[in-house]
Amino acid sequence: TAPYQYQFSYWLNGTNTVIADYSDNNTVSHQFVNPTTYTLVAKVKDATGKVVSQSKSVTVAQMHVLQLNPDKETAQVGQSVTFTPKTTNESSAFTSENYFYTVTKDGKTQSLTTNSDKTVTWTPTEAGDYTVKLEVKYGDKLIYTKSVNYTVAEGELKISSLKLNPENGYLGIYGTLEAEVE
């Protein structure tokens, strides 16, 4: 018989913890902080005091970023490199908006823009040793972090174009030769 009151709790290691005590609210949100198996319990009490309950087990897994793999062993200045994370136990609720990348060199940190596929592409502007860091967040909570060291080499000295003007030489006319470097 209406009205109904709802209570939500969970069992863990023989202890029942109430998430939300009896109220007219039939939903509750809860963030589990330990990777383990919980038994969730919903109880409904009607106007006569009759109580029914139902339980459901859920296993909460800890996400891990196993690797942060660059597509090149080393990059050169001006050459883009893409880092791809390899994860386990990743929730389907995570999107690229939960991934935050930074790159640090000599104490200076730069935020990078995450691609829609959860990778990041970065083009270094100077040679040296860097730390590329990925933080996976859900709301304000840090879920996991992974860092890798990465070395950027000086770019190779190359002529990118060689132009001759006019393209055909003529006796007695000065021509110009122009070289451009990458």
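Shown above is the structure to which this text applies.
Treat the numbers as computed from the prediction; the structure is a model and nothing was measured.

Trainee: Report on the pairing of strand E8 (residues 99–105), specifying residues and quantitative values.
Mentor: Of the two faces of E8, only the one carrying Tyr99, Tyr101, Val103 and Lys105 is buried; Phe100, Thr102 and Thr104 on the other face are not. Sheet topology note: the E8/strand E11 (residues 128–138) ladder contains 6 bridges and is antiparallel. Note that in E11 the partner of threonine 104 across the bridge is threonine 131. Here E8 pairs with strand E9 (residues 108–112) via 5 bridges, running antiparallel. Within the sheet, the bridge partner assigned to lysine 105 lies in E9 and is lysine 108. Between E8 and E9, which pair antiparallel and follow one another directly, the connecting turn spans 2 residues, one of which, aspartate 106, has a positive phi of 55 degrees.

Trainee: Tell me what's going on with the nonpolar core, and back it up with residues and numbers.
Mentor: Grouped together as the largest cluster of nonpolar side chains are 20 residues, with contacts concentrated most on Phe83, Trp122 and Tyr150. No other element matches E11, which puts 4 residues into this core. The residues contacting phenylalanine 83, other than those within four sequence positions of it, are Leu68, Asn69, Pro70, Tyr101, Thr119, Val120, Trp122, Val132, Val148 and Tyr150.

Trainee: Mind laying out the environment of threonine 109, listing which residues take part and the relevant values?
Mentor: Considering the arrangement of structural elements, one finds threonine 109 in strand E9. Residue classification places threonine 109 among the exposed residues on the basis of a relative accessible area of 53%. When the C-alpha atoms of threonine 109 and lysine 133 are compared, they prove to be 10.0 Å apart, with 24 residues separating the residues in sequence. Those residues in contact with threonine 109 that lie beyond four places of it in its chain are Thr102, Val103 and Thr104.

Trainee: Please give an account of the packing of aromatic side chains that cites residues and values.
Mentor: In the structure shown here, the tally under the stated rule is 6 aromatic pairs. A ring pair is formed by phenylalanine 32 and tyrosine 38, whose centres lie 4.3 Å apart and whose planes are at 40 degrees; its orientation type is tilted. Three or more aromatic residues link up through ring pairs in this structure, and these residues are Tyr10, Phe32 and Tyr38. Sitting over the ring of tyrosine 22, lysine 45 keeps its end group 4.3 Å from the ring centre. Here lysine 137 stacks its cationic end above the ring of phenylalanine 100, 5.1 Å away from the centre of that ring.

Trainee: Talk me through the environment of leucine 142; I want residue IDs and the actual numbers.
Mentor: Tracing the backbone shows leucine 142 in strand E12 (residues 141–153). Residue classification places leucine 142 among the partly exposed positions, given a relative accessible area of 42%. C-alpha separation for the pair leucine 142 and asparagine 98, spaced 44 residues apart in sequence, amounts to 9.6 Å. Those residues within four positions of leucine 142 in sequence are excluded, and the remaining contacts are Glu135, Val136 and Lys137.

Trainee: Residues and numbers for the sheet that holds strand E4 (residues 51–59), please.
Mentor: Across the sheet, which stays open at both edges, the 4 strands sit in the order E2-E1-E3-E4 with antiparallel pairing between neighbours. The open sheet terminates on both sides in strands that have one partner only, identified here as strand E2 (15–23) and E4. Pairwise comparison of adjacent strand axes, ignoring direction, gives a mean angle of 15 degrees for this sheet. Pairing of strand E3 (residues 37–45) with E4, which is carried by 9 bridges, proceeds in the antiparallel orientation. Across the sheet, tyrosine 38 pairs through a bridge with valine 58, a residue of E4.

Procedures and definitions
Residues numbered from 1 in each chain as written. Predicted model: local features only at pLDDT ≥ 70, side-chain atom pairs only at ≥ 80, totals over all residues. Heavy atoms only, no water. Buried < 20%, exposed > 50% of the residue type's maximum accessible area, 1.4 Å probe, protein only. Helix = DSSP H or I, 4+ residues; strand = E, 2+ residues; numbered from the N terminus. Pairing = 2+ DSSP bridges. Core = buried A, V, L, I, M, F, W, Y, C linked by side-chain atoms within 4.5 Å. Contact = heavy atoms within 4.5 Å. Phe/Tyr/Trp six-rings, centres within 6.5 Å; stacked < 30°, edge-to-face > 60°. Lys NZ or Arg CZ within 6 Å of the ring centre and 35° of its normal. Axes fitted to C-alpha atoms, helices over the stretch in contact; angles between N-to-C directions.

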